[in-house]
Amino acid sequence: METFIKRFVREASGEWRCVEPAELQLAVGRIQVAPGTRFTLGTQFMGIDLALLLEEHHSRNGSRH
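Colleague: An account of the overall build of the chain is needed here, citing residue identities and associated values.
Modeller: Within the chain one finds two helices and five strands. Along the chain, helices (α) and strands (β) appear in the sequence α-β-β-β-β-β-α when read from the amino end. Dimensions of the chain, computed from C-alpha atoms along their principal axes, come out at roughly 30 × 20 × 20 Å. Looking at the 65 residues of the chain, the share that counts as buried comes to 34%. Surface accessibility of the chain: about 4,000 Å² in total, with carbon and sulfur atoms responsible for 48%.

Colleague: Report on the pattern of salt bridges, specifying residues and quantitative values.
Modeller: This model, assessed by the stated rule, comprises five salt bridges. Of the charged contacts in the structure, one is a salt bridge between Arg10 and Glu55, with a shortest N-O distance of 2.6 Å. Of the two residues, Arg10 sits in strand 1 (residues 8-10) while Glu55 sits in helix 2 (residues 50-61), which places them 45 residues apart along the sequence. Among the residues examined, Glu55 registers a relative accessible area of 15% and is labelled buried.

Colleague: Requested: an account of the pairing of strand 3 (residues 22-26), with residues and values cited.
Modeller: Consecutive side chains of a regular strand alternate in pointing toward one face of the sheet and then the other. In the sheet, strand 3 pairs with strand 4 (residues 29-33) via five bridges, with the strands oriented antiparallel. Within strand 4, the position partnered with Glu23 by the bridge is Gln32. Connecting strand 3 to the next strand, strand 4, in antiparallel fashion are two residues.

Colleague: Break down the confidence of the model for the chain for me, citing the residues and quoting the values.
Modeller: Averaged over all residues, the pLDDT of the chain is 92; the fraction at 70 or higher stands at 94%. Mean pLDDT across the elements of the chain bottoms out in helix 1 (residues 2-5) (90) and peaks in strand 2 (residues 16-18) (98).

Colleague: Just give me the short version of the sheet that holds strand 2, but keep the residues and values in it.
Modeller: The strand order across the open sheet built from three strands is 1-2-5, with neighbouring strands paired in antiparallel fashion. The two strands at the open ends of the sheet, each matched to only one other strand, are strand 1 and strand 5 (38-39). Each of strand 1, strand 2 and strand 5 is contacted by helix 2, which is oriented at about 105° to strand 2, the strand it contacts most.

What counts, and at which threshold
Residues numbered from 1 in each chain as written. Predicted model: local features only at pLDDT ≥ 70, side-chain atom pairs only at ≥ 80, totals over all residues. Heavy atoms only, no water. Helix = DSSP H or I, 4+ residues; strand = E, 2+ residues; numbered from the N terminus. Buried < 20%, exposed > 50% of the residue type's maximum accessible area, 1.4 Å probe, protein only. Areas by Shrake-Rupley, 256 points an atom, 1.4 Å probe, with all protein chains shown as cover. Salt bridge = Lys/Arg side-chain N within 4 Å of Asp/Glu carboxyl O. Pairing = 2+ DSSP bridges. pLDDT = per-residue confidence, 0-100. Contact = heavy atoms within 4.5 Å. Axes fitted to C-alpha atoms, helices over the stretch in contact; angles between N-to-C directions.

As structure tokens, this is what we get:
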């Protein structure tokens, strides 16, 4: 997850923007995200709220993103 979150920037609005190709393996399968893709809380991408996943990781780990 740490490598995955480094490929995103958290905007002041709370939106997460992908800045490099990102890939994450989850129980539901592999998720690939292209640069420029944006995520907001409550939006499902391949059945996952990626913004929530990124927010939770950011909150737990104090990431600078």
